[in-house]
Amino acid sequence: MTQQRRYFDNAATSFPKPPAVHLAMLRYARTIGASAGRGAYREALAAEDIIRQTRRGLAELLNIPDPENVIMTFNCTDGLSLAIKGLLTEPASHVITTRMDHNSVLRPLGALREQLDIEISYLAADGQGLTDPEDLRRSIGPRTRLIVVVHGSNVCGSLQDIAAMGAIAREHQIPFVVDAAQTVGHLPLDMQELPVDVLAFPGHKALLGPLGTGALYIRSGMETRIRPLKEGGTGSRSEIPLQPEMMPDRFESGSHNLIGIAGLLAGLTYLRRRGLAAIRARETELINIFLEQTADVAGLTVYGPRRPAERVGVFSVSIAGYEPAELAAILEDRFGLLTRPGLHCAPFAHETLGTLGRGGTVRFSFGCFLSEDDVVFAAEALRQIAAGRAAP
Ligand SMILES: Cc1ncc(COP(=O)(O)O)c(C=O)c1O
């Protein structure tokens with residue numbers, strides 16, 4: 001009998017996608033095929049309508065007042081680079097981020113340090129990967145021009161208090177950018193309630209779209225403070241030599257990934273039918289099961305907060321005596337469990353957790369198609385490996 005394969009790498013990209021996502025992509029490829037905003041024939045208008053509906057769907061999901069403030073990107077990294085490099089243009093300015101942030105934030109900041117001599121403060125996190133918003137207040141100085149924070153850690157699932165941090169940023173009138181790669185689609189987020197100026201997120205993770213999709217929400221009024229990173233064709237105002245100022249064209253140059261956006265729209269429709277509150281409640285149940293079932297296993301460490309309200313379903317684990325790559329290989333070969341070993345593009349997070357020196361951890365990341373049986377099976381596999389029964 002072939003072994004069942006169970007996908008636990010949803011923090012990288014979600015799998016499976018709902019069948020409606022495949023069908024929408026196929027329908028676009030077979031019957032539409034046109035680029036958006038580039039023609040007035042029926043198919044070009046249908047393509048434009050797919051983008052319009054996707055923008056509207058994202059705006060409704062996140063309670064964004066104006067869908068035109070949602071920019072389509074190719075992934076979360078793409079949106080973060082635009083926000084960070086577009087906002088931090090002044091030499092020698094100061095920026096604050098956290099030690100839980102991903103290379104999609106750390107590396108653009110590193111590049112700006114070289115190019116513009118910016119100064120970077122990294123807020124420390126505790127042993128569970130949680131930062132203290134009051135540290136943010138203490139780090140703000142006269143040259144602070146940007147605060148950029150990851151919402152949910154892609155290493156250990158910890159959730160930063162973006163409401164408190166955003167309130168502090170707003171008090172000081174400093175733009176507040178949030179990397180929501182691991183939270184959009186996992187839990188409800190309300191952009192009219194949260195003091196967030198720019199929210200970057202992928203379309204291919206919990207929003208269930210295909211790879212090559214993402215979006216950036218830019219709060220109204222903030223768009224003029226962000227310098228576009230690309231200029232080019234928008235299908236609008238073709239007579240002028242400069243990039244149009246209006247949203248979303250200001251930040252959307254070149255042809256869209258329409259086949260991907262068609263899939264993303266179907267993913268969004270699926271999610272909205274299930275409801276984010278219900279998805280979060282289900283994920284919380286699975287988080288509790290995983291935490292309970294792995295709590296008493298000798299030799300096994302599960303990193304990150306133990307309180308479900310402080311985390312998403314992204315778990316880093318290690319077992320004494322096993323290298324991360326070796327453990328991931330056993331999990332796949334013996335148990336059909338697909339996980340990710342290593343540093344997960346967040347080296348400072350591993351320094352915080354004390355796992356940098358041993359090459360990181362093995363990550364289990366949950367998605368909305370995971371069952372209770374999958375989670376119990378994963379916990380039991382870890383128990384058996386830790387007890388030495390599944391050693392190679
Ligand atoms: C916290 C975090 N930020 C940013 C990214 C980058 O996302 P993308 O792969 O869509 O560029 C990831 C992806 O793993 C992530 O986990």
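Please refer to the structure higher up on the page.
Below, the structure is looked at part by part. (Residues numbered from 1 in each chain as written. Predicted model: local features only at pLDDT ≥ 70, side-chain atom pairs only at ≥ 80, totals over all residues. Heavy atoms only, no water.)

## Points about the pattern of salt bridges
Cut-off, in case you're wondering: One speaks of a salt bridge when a side-chain nitrogen belonging to Lys or Arg is within 4 Å of a carboxyl oxygen belonging to Asp or Glu. A helix here means a DSSP run of H or I that spans at least four residues, while a strand means a run of E at least two residues long, and both kinds are numbered starting from the N terminus. Note on classification: 1.4 Å probe, protein chains only; a residue is buried when its accessible area is under 20% of the maximum for its type, exposed when over 50%, partly exposed between these limits.
All chains considered together, the criterion is met by 23 salt bridges. One salt bridge connects Asp 9 with Arg 363, and the closest N-O pair in it is separated by 3.2 Å. Separated by 354 residues along the polypeptide, Asp 9 in the loop between strand E1 (6-7) and helix H1 (19-32) and Arg 363 in strand E13 (residues 361-365) bring together distant segments of the chain. A relative accessible area of 15% means that Asp 9 is categorised as buried. For Arg 363, a relative accessible area of 1% corresponds to the buried category. Asp 197 is the partner of Arg 170 in a salt bridge, and the nearest nitrogen-oxygen pair spans 3.5 Å. With a gap of 27 residues between them, Arg 170 in helix H6 (residues 162-171) and Asp 197 in the loop between strand E6 (176-179) and strand E7 (198-202) connect regions that are remote in the sequence. Shared partners join several salt bridges into a network, and the residues in it are Arg 6, Asp 373 and Asp 374.

## Remarks on helix H7 (residues 258-274)
To keep it simple, the criterion reads: A helix's residues, less one, multiplied by 1.5 Å, set its expected span. We call two residues contacting when some pair of their heavy atoms lies within 4.5 Å.
Compared with the 24 Å implied by 1.5 Å per residue over 17 residues, the 24 Å span of H7 between its first and last C-alpha is a close match. The buried fraction of H7 is high, at 12 of 17 residues. Of the positions making up H7, those classed as buried are Leu 258, Gly 260, Ile 261, Ala 262, Gly 263, Leu 264, Leu 265, Ala 266, Gly 267, Leu 268, Tyr 270 and Leu 271. Considering only its buried residues, H7 is in contact with H1, helix H2 (42-62), strand E2 (70-73) and helix H8 (276-294). At the C-terminal side of H7, Gly 275 shows a positive phi close to 90°.

## A look at the packing of aromatic side chains
Threshold: Working definition: a ring pair exists when centres of Phe, Tyr or Trp rings (six-membered ring for Trp) sit within 6.5 Å. Plane angles under 30 degrees give stacked, over 60 give edge-to-face, the rest tilted. Lysine NZ or arginine CZ positioned within 6 Å of the ring centre and within 35 degrees of the ring normal marks a charge as sitting over the ring.
The tally for this structure, following the rule as stated, stands at 10 aromatic pairs. Relative to Phe 15, the ring of Tyr 7 lies with its centre 5.5 Å away and its plane at 65°, an arrangement referred to as edge-to-face. Given the relative accessible area of 52%, Phe 15 is considered exposed. Of the aromatic side chains, those joined through ring pairs into one cluster are Phe 8, Phe 290, Phe 315, Phe 364 and Phe 366. Above the plane of the ring of Phe 348 lies Arg 99, whose end atom (NZ or CZ) is 4.6 Å from the centre.

## Structural notes on the sheet that holds E7
For clarity, the threshold we go by: Pairing between two strands is assigned when DSSP locates at least 2 bridges connecting them. Axis definition: a line fit to C-alpha positions, over the contact stretch in the case of helices; interaxial angles, taken between N-to-C directions, run 0 to 180 degrees.
Sheet architecture is open: 7 strands sit in the order E2-E8-E7-E6-E5-E3-E4, paired in mixed fashion. Bordering the open sheet on either side are E2 and strand E4 (119-123), each of which pairs with just one other strand. Within the sheet, the average angular offset between the axes of one strand and its neighbour, ignoring direction, is 20°. In this sheet, strand E8 (residues 214-218) lies alongside E7 in antiparallel orientation, the contact comprising 5 bridges. Note that in E8 the partner of Val 198 across the bridge is Ile 218. In the packing of H2 onto the sheet, the strands contacted are E2, E7 and E8, and the crossing angle to E2 comes to about 120°.

## Side note on the site of the ligand
How we decide: Being near a molecule or strand, for a residue, means having at least one of its heavy atoms within 4 Å of it. Side-chain atoms alone can form a polar contact between residues adjacent in sequence; in general such a contact is a pair of N or O atoms within 3.5 Å, and within protein one must be able to donate a hydrogen while the other accepts it. Throughout, the Shrake-Rupley method with a 1.4 Å probe supplies accessible areas, and for residues the shown protein chains are the sole cover considered. Each residue receives one of three labels: charged for Asp, Glu, Lys and Arg, nonpolar for Ala, Val, Leu, Ile, Met, Phe, Trp, Tyr, Cys and Pro, and polar for the others, Gly being one of them.
Neighbouring the ligand are 14 residues, the closest being Thr 77, Asp 179, Gln 182, His 204 and Lys 205. Between an oxygen atom of the ligand and a side-chain N or O atom of Thr 77, the distance comes to 2.4 Å. Summarising the interface, the protein chains cover 90% of the accessible area of the ligand, which totals 390 Å² for the free molecule. Looking at the shell around the ligand residue by residue, the class counts come to 5 nonpolar, 7 polar and 2 charged.

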